[in-house]
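Listed here are the chains, written in short residue letters.
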Amino acid sequence: ESADKHANYWHDFGEKLAHLHKNTSSLGHGLDYTNFIGAATQENSWKKDGVDFFIENRLNKQVDRALYDRKITPELAEKFHGLYEKLPDLLPHEAPALIHGDLWSGNAMVNERGEITLVDPCSYFGLREAELAFTTMFGGFPTEFYEAYHTTFPIEKGFHERIPLYNLYPLMVHVNLFGEGYLPAVNKILLSY
């Protein structure tokens, strides 16, 4: 049973997430095994470059799955392939960060001391901005959370413009798990690039 949030809850949460993200891996971006985001398989084979990892193991795996299951058209898949060529110039090439992997409000609980407790992780070493972008998917967290995170572990300028690019991954997971209702959001992002 969760208690009321401590007065410092959001600041504390932002700070703690930034500290989690400071954990890195000399092997690169990935994990030693495949895990799951919801019921979707999450491929974690190691890649030195985080943007390559994001393209190959995140976006392209979901696009291939959706194409195979006929949830998207070959034309839409082609738009993704066009975007892949641009992503290395659009996203920061950062060191791998240990991330929760499925961080939205439903997986952020309050413990009996009123502090943040994360549940249902699908962790791997990846792009920390992808995690921060994910937090904005279903309503987002208060500004205090993002400010505390940024103060502890600053992110590159222009993050707000990059959010939709990162969120193509959870959106495509949703297309594959829950159907085509998420495609208008995907199309809108692809059209803007």
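Computed from a predicted structure; not experimentally measured.

A.B. asks: Honestly, the nonpolar core in this entry has me stumped. Any pointers?
C.D. replies: One recurring pattern in soluble globular proteins is that nonpolar side chains are buried together. Counting residues in each nonpolar core, the largest one holds 50 residues, and the members touching the most others are Phe13, Phe80, Leu87 and Val186. Counting residues per element, the ones that place at least two in this core are helix 1 (9–21), helix 2 (50–68), helix 3 (74–90), strand 4 (108–110), helix 4 (128–134), helix 5 (143–152), helix 6 (159–178) and helix 7 (183–191). Top element by residues in this core is helix 6. It accounts for 10 residues. Every residue in contact with Phe13, bar those within four places of it in the chain, is listed here: Leu103, Ala108, Ile116, Leu118, Phe141 and Phe145. Core analysis: the second largest hydrophobic core is formed by five residues, Leu31, Phe53, Ala97 and Tyr124 among them.

A.B. asks: Help me out: how do you make sense of the side chain of Glu129 in this one?
C.D. replies: Structurally, Glu129 can be placed in helix 4. The buried category is assigned to Glu129, whose relative accessible area is 1%. Setting aside residues no more than four positions away along its own chain, Glu129 makes contact with Pro92, Ile155, Glu156, Phe159, Arg162 and Tyr166.

A.B. asks: Teacher, can you tell me more about unusual backbone geometry here?
C.D. replies: Residues apart from glycine generally show negative phi values, whereas peptide bonds are mostly found in trans. Positioned with a positive phi, Arg70 is a non-glycine residue whose angle comes to about 60°. Position of Arg70 among the secondary structure elements: in the loop between helix 2 and helix 3. In this model, Asp120 sits at a positive phi of 55°, which is unusual for a non-glycine residue.

A.B. asks: I'm lost on helix 7 in this one. Help?
C.D. replies: Residue pairs spaced three or four apart in an α-helix point in one direction, given the helix's 3.6 residues per turn. Buried within helix 7 are the following residues: Leu183, Val186, Ile189 and Leu190. One side of helix 7 carries all its buried residues, which in axial view fall inside an arc of 125°. Looking at helix 7, the residues exposed on the side facing more than 90 degrees away from the buried face are Pro184, Lys188 and Leu191. Where the residues of helix 7 are buried, they touch helix 3 and helix 6.

Thresholds, definitions, all that
- Residues numbered from 1 in each chain as written.
- Predicted model: local features only at pLDDT ≥ 70, side-chain atom pairs only at ≥ 80, totals over all residues.
- Heavy atoms only, no water.
- Core = buried A, V, L, I, M, F, W, Y, C linked by side-chain atoms within 4.5 Å.
- Buried < 20%, exposed > 50% of the residue type's maximum accessible area, 1.4 Å probe, protein only.
- Helix = DSSP H or I, 4+ residues; strand = E, 2+ residues; numbered from the N terminus.
- Contact = heavy atoms within 4.5 Å.
- Arc of directions from axis to C-beta.

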